[in-house]
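Letter by letter, the chains look like this.
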Amino acid sequence: KKIKPYLITINKKKNISGQVSFEKIISKEKVYKVRNFKLDAPKDIAYLKKKKFDILLISGWQRIISKKILKLFKYGAIAEHGSYDYLPFGKGRSPAGWTLRKGKKTFILHIYRATDKVDRGILIDYKKIKINNFDNINTLYYKIGLASAELTVKNFTNFTKKTYFKKIPKRKESFFRKITQKD
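Please read these numbers as outputs of a predicted model, since none were measured by experiment.

Student: Please clarify how the overall build of the protein chain should be interpreted in this entry.
Tutor: From N to C terminus, the protein chain includes four helices and eight strands. Reading the protein chain from its N end, one meets helices and strands in the order β-β-α-β-α-β-β-α-β-β-α-β. Sorting the 183 residues of the protein chain into buried and exposed places 38% on the buried side. About 12,000 Å² of surface is accessible on the protein chain, with carbon and sulfur atoms providing 56% of the total.

Here you go:
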């Protein structure tokens, strides 16, 4: 089956750390800007129903998407989240920033079947990203972007499955708060 990618995005916001636009690499007719982060505005729901997308790949969205919206995609949604330890450790906000602030040398990017819970779902795969003494938030975001692309391509044919076999060590659930100007 031929892949027909569309970009679902939101207007650039000043207060969203690391927000990157992909609009320059995809044709304008395949870019749709939603009204809000929940994707639940009537016009957004109508668009998603009309397009009948197979799958939603969520990258850097920073908001929960409801079950009602996730059900609009034939195979659901695949999300990603990272931390300096395995999920469920380090759920929540600013994981790359916290990793650097804590002086950690590894960032683990996970991809998983998205649910309507914070950074929770069936694990599909993960990749460890090495951090060196010259890395900063920009270089780490770059490395995360490359790892995200690699994990997506590597696992693309698995996204339609409901069972996965990648295992990770058990960790206690914890949440990062958003890093602010005060930090």
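Student: What is the right way to read the nonpolar core from this model?
Tutor: One broad rule of soluble globular proteins: the nonpolar side chains tend to lie buried together. Counting residues in each nonpolar core, the largest one holds 22 residues, and the members touching the most others are L39, I58, W61 and I65. Residue assignment for this core shows that the elements contributing at least two residues are α1 (42-51), β3 (56-58), α2 (67-70) and β4 (77-83). No other element matches α1, which puts three residues into this core. Every residue in contact with L39, bar those within four places of it in the chain, is listed here: I8, V34, D44, I45, L48, L56, W61, I65 and I69.

Student: Would you explain helix α4 (residues 137-155) in this entry?
Tutor: One turn of an α-helix holds 3.6 residues; hence residues three or four places apart share an orientation. Given a rise of 1.5 Å per residue, 19 residues ought to cover 27 Å, and the 26 Å separating the end C-alpha atoms of α4 matches this to within 8%. Of all the residues in α4, the buried ones are L140, I144, A147, S148, L151 and N155. Down the axis, α4 shows its buried residues gathered within 110° of arc, on one side only. Exposed side chains of α4 directed beyond 90 degrees from the buried face belong to N138, Y142 and V153. Capping the start of α4, N136 holds a side-chain oxygen 2.8 Å from the backbone nitrogen of N138, two or three residues further along.

Student: Just checking my understanding: could you explain the side chain of H110 for this structure?
Tutor: Here H110 is to be found in strand β6 (residues 106-113). Of the polar contacts made by the side chain of H110, one reaches the backbone nitrogen of L87; its length is 3.2 Å.

Student: Even after reading the chapter, I still don't get the sheet that holds β6, so can you show me in this structure?
Tutor: Backbone hydrogen bonds hold the strands of a sheet together, and the pairing may be parallel or antiparallel. Pairing is mixed in the open sheet, where four strands are placed in the order β3-β4-β6-β7. Both outer strands of the open sheet, β3 and β7 (123-130), are each paired with one neighbouring strand and no more. Across the sheet, the axes of successive neighbouring strands diverge by a mean angle of 15°, strand direction being ignored.

Student: Would you take a moment to explain the packing of aromatic side chains for this structure?
Tutor: Two numbers describe a pair of aromatic rings. These are the distance of the centres and the angle of the planes. Within the structure shown, the criterion is met by nine aromatic pairs. Both rings, one in Y47 and one in F53, keep their centres 6.2 Å apart while their planes meet at 50°; by these two values the pair is tilted. The buried category is assigned to F53, whose relative accessible area is 11%. The ring of F37 carries R63 above its face, with NZ or CZ at 4.5 Å from the centroid.

Student: I would appreciate a short explanation of unusual backbone geometry in the present structure.
Tutor: Glycine aside, residues mostly have negative phi angles, and peptide bonds mostly take the trans form. Cis geometry marks the peptide bond from L87 to P88, where omega comes out at 15°. You will see that D119, though not glycine, has its phi angle at about 45°, which is positive. Within the secondary structure, D119 sits in the loop between β6 and β7. With a relative accessible area of 15%, D119 lands in the buried category.

Parameters and conventions
Residues numbered from 1 in each chain as written. Predicted model: local features only at pLDDT ≥ 70, side-chain atom pairs only at ≥ 80, totals over all residues. Heavy atoms only, no water. Helix = DSSP H or I, 4+ residues; strand = E, 2+ residues; numbered from the N terminus. Buried < 20%, exposed > 50% of the residue type's maximum accessible area, 1.4 Å probe, protein only. Areas by Shrake-Rupley, 256 points an atom, 1.4 Å probe, with all protein chains shown as cover. Core = buried A, V, L, I, M, F, W, Y, C linked by side-chain atoms within 4.5 Å. Contact = heavy atoms within 4.5 Å. Expected span 1.5 Å × (residues − 1). Arc of directions from axis to C-beta. Polar contact = N/O pair within 3.5 Å; in protein donor to acceptor, adjacent residues only side chain to side chain. Pairing = 2+ DSSP bridges. Axes fitted to C-alpha atoms, helices over the stretch in contact; angles between N-to-C directions. Phe/Tyr/Trp six-rings, centres within 6.5 Å; stacked < 30°, edge-to-face > 60°. Lys NZ or Arg CZ within 6 Å of the ring centre and 35° of its normal.

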